[in-house]
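Results of the structural survey
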Amino acid sequence: EDQVTQSPEALRLQEGESSSLNCSYTVSGLRGLFWYRQDPGKGPEFLFTLYSAGEEKEKERLKATLTKKESFLHITAPKPEDSATYLCAGTSSGNTGKLIFGQGTTLQVKP
Amino acid sequence: ETGVTQTPRHLVMGMTNKKSLKCEQHLGHNAMYWYKQSAKKPLELMFVYNFKEQTENNSVPSRFSPECPNSSHLFLHLHTLQPEDSALYLCASSLGQGIQNEQFFGPGTRLTVL
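Residues numbered from 1 in each chain as written. Chains lettered and ligands numbered in written order. Predicted model: local features only at pLDDT ≥ 70, side-chain atom pairs only at ≥ 80, totals over all residues. Heavy atoms only, no water.

Points about the overall build of chain A
A count of helices and strands for chain A gives 0 helices and 11 strands. What you see in chain A, going N to C, is helices and strands ordered as β-β-β-β-β-β-β-β-β-β-β. Taking 13 Å as the expected radius of gyration for a compact globule of 111 residues, we find that chain A reaches 13 Å, a close match to that expectation. With the C-alpha coordinates of chain A rotated into their principal frame, the extents come out at 45 × 30 × 20 Å. Residues counted as buried form 48% of the 111 residues belonging to chain A. Of the contacts made within chain A by residues no fewer than 6 positions apart, 55% connect residues no fewer than 24 positions apart. (Helix = DSSP H or I, 4+ residues; strand = E, 2+ residues; numbered from the N terminus. Rg over C-alpha atoms; globule rule 2.2 N^0.38 Å. Buried < 20%, exposed > 50% of the residue type's maximum accessible area, 1.4 Å probe, protein only. Contact = heavy atoms within 4.5 Å.)

Quick word on the sheet that holds strand β3 (residues 19–26) of chain A
Pairing between the strands of a sheet is mediated by backbone hydrogen bonds and can be parallel or antiparallel. Residues and elements named next belong to chain A. As summarised here, the arrangement of the 5 strands in space is β1-β3-β8-β7-β6, forming an open sheet in which the pairing is antiparallel. Either end of the sheet is taken by a strand with one partner, and the two such strands are β1 (3–7) and β6 (56–59). Averaged over all pairs of adjacent strands, the angle between strand axes in this sheet comes to 15°, irrespective of strand direction. (Pairing = 2+ DSSP bridges. Axes fitted to C-alpha atoms, helices over the stretch in contact; angles between N-to-C directions.)

Some thoughts on the state of the cysteines
Residue and element names in this part refer to chain B. Counted according to the given criterion, the structure contains 2 disulfides over all chains. Note that C23 is cross-linked by a disulfide to C91, the S-S spacing being 1.9 Å. Between C23 and C91, the disulfide has an S-S torsion of -70° and is therefore left-handed. Linking C23 in strand β3 (residues 18–25) with C91 in strand β9 (residues 87–94), this pair joins segments that are 68 residues apart in sequence. With relative accessibility at 0%, the residue C91 sits in the buried group. No disulfide involves C68; its sulfur sits 9.0 Å from that of C91, the nearest cysteine. The class for C68 is buried, based on a relative accessible area of 11%. (Disulfide = S-S within 2.5 Å.)

Observations concerning the interface of chain B and chain A
At the junction of the two partners, chain B supplies 21 residues and chain A supplies 21 residues. Summed over both sides, the interface between chain B and chain A buries roughly 1,700 Å², with carbon and sulfur atoms accounting for 57% of that surface. Looking at the side of chain B facing chain A, the largest losses of area belong to B:L43, B:I99 and B:F105, adding up to 33% of the total buried there. At the boundary of chain B and chain A, one finds 2 salt bridges. Across the pair A:E9 and B:K40 runs a salt bridge, and its minimum N-O distance is 3.7 Å. The tally of links between chain B and chain A comes to 4 residue pairs in polar contact (both at pLDDT 80 or more). Among the secondary structure elements, those contributing two or more residues to the side of chain B that touches chain A are β4 (31–37) and β9 of chain B. If you tally residues by element for the side of chain B that touches chain A, the top one is β4(B), at 3 residues. (Buried area = accessible area lost by both parts, 1.4 Å probe. Salt bridge = Lys/Arg side-chain N within 4 Å of Asp/Glu carboxyl O. Polar contact = N/O pair within 3.5 Å; in protein donor to acceptor, adjacent residues only side chain to side chain.)

Let's talk about the nonpolar core
Core analysis: the biggest nonpolar cluster contains 24 residues, and A:L33, A:W35, A:L73 and A:Y86 have the highest contact counts within it. For A:Y86, the contacting residues outside a window of four places in its chain are A:Q6, A:L21, A:W35, A:Y36, A:R37, A:L47, A:L62, A:L73, A:G104, A:T105 and A:L107. Judged by nonpolar contacts, the second largest core, of 22 residues, contains B:F47, B:F64, B:C68 and B:L78. (Core = buried A, V, L, I, M, F, W, Y, C linked by side-chain atoms within 4.5 Å.)

A few points about unusual backbone geometry
All names here are of chain A. Residue P8 follows S7 across a cis peptide bond; omega there is -5°. Topologically, P8 is positioned in the loop between β1 and β2 (10–14). Unlike most non-glycine residues, E60 shows phi in positive territory, near 55°. The backbone of A77 sits at a positive phi, close to 45°, despite the residue not being glycine.

This is a description of form; function is not addressed.
Here it is as structure tokens:
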């Protein structure tokens, strides 16, 4: 069964304290790995898509990387406005457009 | 209005009520999705429509009935719901159904079933 698991479930950082969020997946024939950000009371906001192992993408303080078994979302020198729940999702070759989501990591950055 | 809008934002209904959720996208997309987000559980895909045709039903109970009259509008008709159906229902759209087309989400409808 296709599955996506995120860790940790929750993460508290001080402003400026860099860290990484993990997304491990067992998705047959992974075609794409997606990262979303979700703020309270809002829908998820698209961040990145990664298609193959070794690929990296960056946006401001965020960098997403992908290996054959997992993806990392690195947060460099975070600010309080980076506080949100970060969701990871995968899609397989047999499910065009169908995203399999992890349960998310809730990040809190304190000033 | 821009992006993906959903109405109502909050809904409380009894188990015998019938209600509908509405989603509208202003992005010119062709694919639309319904997701369920329960507390402490991953986002769960319910239905997918591509060019108004249903292409995915993720074993959703028949008390949830989707309708897609055109590529810009998506409805979820609700009847005889159970308390465990209480959740955030999210609508999303994408240009197409391929993996290259990122999905844009609406703000969701918070549903409470009494």
